[in-house]
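An overview of the molecular structure
Chain by chain, the residues run as shown.
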Amino acid sequence: MQNVGLADINFREIVDYGGQPEVHNRYPRPLACRGYCIDCEQSGVLREAGGELSLMSHGCDSTDFQAVLGPMNVAGSGVTMPVLFLLENPGADDRYRNGTEVAFRGSRKKPPVNHYYWTPSARPWPHQVADFIYDPHFYGPYFAYLMQRHRLLDVYITNVAKCKWTRAASGKAGGGGASLVARHCSERFLEREFEIFRPRLVVCFGGNAERGFREFSRRFGLDAVSITLIHPAFIKNRSQTDPQRRSKEQLFAENDHRIVEALTRLA
């Protein structure tokens, strides 16, 4: 991660690796962490929200992708404006993303084992939808495709909430508790991430990320241009429920169109 301030937030405050480790998309053995953010637990937010906070994530940026995939090959001049990719929370758990739950100061956390959380392992850079649509872990390849397709040279990727809230009994996410956690987490981290990165364009993936950004921007008086894309998980897993009966390829093309429109407005 090229920005020292963002690296400190992600790798000392959220997940404390004791500094930024060497760039890898995956590590054969989980990295030893010295600590984790447990501010929601200590401040009483989790007690009010109920449930559990275990699954964690951290951010990454376009230089992390280039460290794994090699230099981005863009035709002509690339887009140098800061672009933020914003998601709701860490989402689903699997062996490629998070490790075994560990105890830390009375709490339990599942830290990422894929150090650069969203970076793909497949090479080279994806240039078309067919290059990533069948990848079972397609977030990284899809984000790499968006960077390559739209020549985005300065991208930072993060979540509104850095830990995923789940109900204690069912393990299913709910609204009230998740909203409390997202509000507190954005006050602690996202505000500072915005101050450091200063994005000109915020790309929200899905309605929940958009709502989190809208609430956050109202509280802090932000005036960044934002767009909302169709969430890639919806495209991959639930595209058959699209009211307009668009194919996966058409939904990805719609996302591309929204980005092109936004970049044209900002040019």
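In case you missed it, the structure is sitting above this.
Figured I'd write up the structure that's included with this text. Please read all numbers here as calculations on a predicted model, not as lab measurements.

Analysis parameters
Residues numbered from 1 in each chain as written. Predicted model: local features only at pLDDT ≥ 70, side-chain atom pairs only at ≥ 80, totals over all residues. Heavy atoms only, no water. Helix = DSSP H or I, 4+ residues; strand = E, 2+ residues; numbered from the N terminus. Rg over C-alpha atoms; globule rule 2.2 N^0.38 Å. Contact = heavy atoms within 4.5 Å. Areas by Shrake-Rupley, 256 points an atom, 1.4 Å probe, with all protein chains shown as cover. Lys, Arg positive; Asp, Glu negative; His and termini not counted. Charge placed at Lys NZ, Arg CZ, Asp CG, Glu CD. Polar contact = N/O pair within 3.5 Å; in protein donor to acceptor, adjacent residues only side chain to side chain. 1 Å grid on protein atoms, 1.4 Å probe; cavity = no way out; pocket = protein on both sides within 12 Å on 5 of 7 lines; lining within 4 Å. Points joined across faces, edges and corners; volume = space filled by probe spheres on them. Nonpolar A, V, L, I, M, F, W, Y, C, P; charged D, E, K, R; others polar.

Turning to the overall build of the chain, a few remarks are in order. A tally of helices and strands in the chain yields 9 helices and 11 strands. What you see for the chain is a C-alpha radius of gyration of 18 Å, in line with the 18 Å of a compact globule of 267 residues. The dimensions of the chain, computed from C-alpha atoms along their principal axes, are 50 × 40 × 35 Å. Sequence separation of 24 or more characterises 74% of the internal contacts of the chain that already satisfy a separation of 6 or more. Carbon together with sulfur atoms contributes 47% to the accessible area of the chain, which is approximately 12500 Å² in total. In the chain, which carries 34 positive and 29 negative side-chain charges, the distance between the mean positions of the two groups comes to 3 Å.

For the rest of this paragraph, the subject is the side chain of Asn159. Relative to the elements of secondary structure, Asn159 occurs in strand E8 (residues 155-159). A polar contact is formed between the side chain of Asn159 and the backbone nitrogen of Asn89, at a distance of 3.4 Å.

The subject of this paragraph is empty space enclosed by the protein. Applying the stated criterion across every chain, the model contains 1 cavity of 30 Å³ or more. Here the largest cavity is characterised by a volume of approximately 70 Å³. Taken together, Cys37, Asp39, Cys40, Glu41, Leu53, Lys109, Lys162, Cys163, Val181, Cys185 and Phe189 make up the lining of the largest cavity. Going through the elements one at a time, helix H2 (39-43) and helix H6 (175-197) are the ones with two or more residues in the lining of the largest cavity. Its residues assigned to classes, the lining of the largest cavity comprises 7 nonpolar, no polar and 4 charged.

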